[in-house]
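Residue strings, one per chain:
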Amino acid sequence: QVQLVESGGGSVQAGGSLRLSCAASGGTVSSYCMGWFRQVPGKERERVGTMSRSGFTTYADSVKGRFTISRDNAKNSLYLQMNSLKTEDTAMYYCAADFACVNIRRYWGQGTQVTVSS
């Protein structure tokens, strides 16, 4: 059973940056497809980006060029560097893991809130 714990959320002004972390236990991040998702109350969960086991990354068009996913195998952690934040980036951000990137739903963290103000 993989446990995922997110951290690093907070409040920031538009144009600022935040880095989210996702610490994994019970499994290694390099053995799974890892993903970052976000959700606003009343809306569907949105896939922000993914990193495959080989390290290949994909991003939603809404964050491409601003967000970067990285992985530290030694720390067994996944990261989401968020730059040039916009108010529409405000959401609860979740880390998730699965065996394949096509449908990540097996393991989820509890989420960390990101609030971007104008």
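Structure first, text after, so check above.
Residues numbered from 1 in each chain as written. Predicted model: local features only at pLDDT ≥ 70, side-chain atom pairs only at ≥ 80, totals over all residues. Heavy atoms only, no water.

Focus: the overall build of the protein chain
Moving on, step 1. Of regular secondary structure, the protein chain possesses 0 helices and 11 strands.
Moving on, step 2. When its helices and strands are written in sequence order, the protein chain yields β-β-β-β-β-β-β-β-β-β-β.
Moving on, step 3. Since a compact globule built from 118 residues should have a radius of gyration of about 13 Å, the 13 Å found for the protein chain is in line with a globular shape.
Moving on, step 4. Principal-axis analysis of the C-alpha atoms gives the protein chain an extent of 40 × 30 × 25 Å.
Moving on, step 5. Nonlocal contacts in the protein chain, meaning residues at least 24 apart in sequence, comprise 54% of its contacts between residues at least 6 apart. (Helix = DSSP H or I, 4+ residues; strand = E, 2+ residues; numbered from the N terminus. Rg over C-alpha atoms; globule rule 2.2 N^0.38 Å. Contact = heavy atoms within 4.5 Å.)

Section: the pattern of salt bridges
Moving on, step 1. Under the criterion given, the structure shown has 5 salt bridges.
Moving on, step 2. Note that Arg38 is salt-bridged to Glu46, the shortest N-O span being 2.8 Å.
Moving on, step 3. Connected through shared salt-bridge partners, Arg38, Glu46, Arg66 and Asp89 make up one network. (Salt bridge = Lys/Arg side-chain N within 4 Å of Asp/Glu carboxyl O.)

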